[in-house]
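A structural walkthrough
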Amino acid sequence: MFSNPWIYLALLAMVIIGVLAAVAVKLLRQLKQQTLEQEQQKAAQQQALQQHDKKIIASVIIIVRAMKEEQCDFAEGCWRLSVLLDSLKLSQDLNLQFPAVFKFYEGIKHMPILAERKKLDKRTRMKLDLERMKLEAELAEDIRRDIGLLHQYANERNSN
């Protein structure tokens with residue numbers, strides 16, 4: 001029936017082109033599905049980060065209020081705030097926005113607390129207390145300013 005070899009080659013070429021087109025369509029569908037899954041994973045991760053940060057910001061607000069009302073001293077407050085602010089996932093350079101809080105923390109973070117502090121002799125404890133009080137007196141005004149700004153920042157973040 002078909003004696004010309006070119007006809008067979010043309011049919012074979014059409015079959016090959018059809019198979020390649022089907023493979024290309026399948027790969028494009030897979031790529032579209034993978035892209036969609038990646039976008040969903042990214043959105044879920046972003047939401048998880050926002051939830052994490054929302055909890056941290058709520059804690060920051062509580063600590064800042066306590067510091068403003070003098071229910072929490074600067075040493076404990078700055079220590080807690082520095083750790084919390086460092087754990088925020090969606091914020092950067094907070095140590096530049098609130099330098100006094102972080103500077104005070106850097107100045108006291110080497111000091112032992114709780115059971116470790118109780119193990120120290122009285123003279124060492126008094127020496128560390130004096131060091132902390134000097135640093136606190138030096139930074140008190142800047143810490144108060146940072147606390148006010150931090151309260152405003154946390155309230156804005158909380159309302160978003």
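See the structure above.
Residues numbered from 1 in each chain as written. Predicted model: local features only at pLDDT ≥ 70, side-chain atom pairs only at ≥ 80, totals over all residues. Heavy atoms only, no water.

1. As for the overall build of the chain
- Helices and strands together make up the secondary structure of the chain, namely 6 helices and 0 strands.
- Shown N-terminal to C-terminal, the secondary structure of the chain runs as helices and strands in the order α-α-α-α-α-α.
- Computed over the C-alpha atoms, the radius of gyration of the chain is 31 Å, more than 25% above the 15 Å expected from 2.2 N^0.38 for a compact globule of 160 residues.
- For the chain, the C-alpha atoms occupy an extent of roughly 110 × 35 × 25 Å along the three principal directions.
- Partitioning the intrachain contacts of the chain with sequence separation of at least 6 by distance along the chain shows that 71% fall at a separation of at least 24.
- Carbon together with sulfur atoms contributes 58% to the accessible area of the chain, which is approximately 11900 Å² in total. (Helix = DSSP H or I, 4+ residues; strand = E, 2+ residues; numbered from the N terminus. Rg over C-alpha atoms; globule rule 2.2 N^0.38 Å. Contact = heavy atoms within 4.5 Å. Areas by Shrake-Rupley, 256 points an atom, 1.4 Å probe, with all protein chains shown as cover.)

2. Brief notes about the environment of Ala115
- Along the chain, Ala115 falls in helix α5 (residues 114–119).
- Residue Ala115 is classed as partly exposed on the basis of its relative accessible area of 47%.
- The sequence separation of Ala115 and Leu20 amounts to 95 residues, and the corresponding C-alpha distance is 72 Å. (Buried < 20%, exposed > 50% of the residue type's maximum accessible area, 1.4 Å probe, protein only.)

3. Thoughts on unusual backbone geometry
- Phi angles above zero are rare outside glycine, and Glu70 is one such case at about 60°.
- On the secondary structure map, Glu70 appears in the loop between α1 (5–68) and α2 (74–86).
- Judged by its relative accessible area of 70%, Glu70 falls in the exposed class.
- Its identity as a non-glycine residue notwithstanding, Leu114 has a phi of 50°, on the positive side.
- Assessed through its relative accessible area of 68%, Leu114 is described here as exposed.

4. Examining α2
- With 13 residues, α2 extends 18 Å from end C-alpha to end C-alpha; this agrees with the ideal 18 Å at 1.5 Å per step.
- Every buried residue of α2 is accounted for by Phe74, Ala75, Gly77, Cys78, Leu81, Ser82, Leu84 and Leu85. (Expected span 1.5 Å × (residues − 1).)

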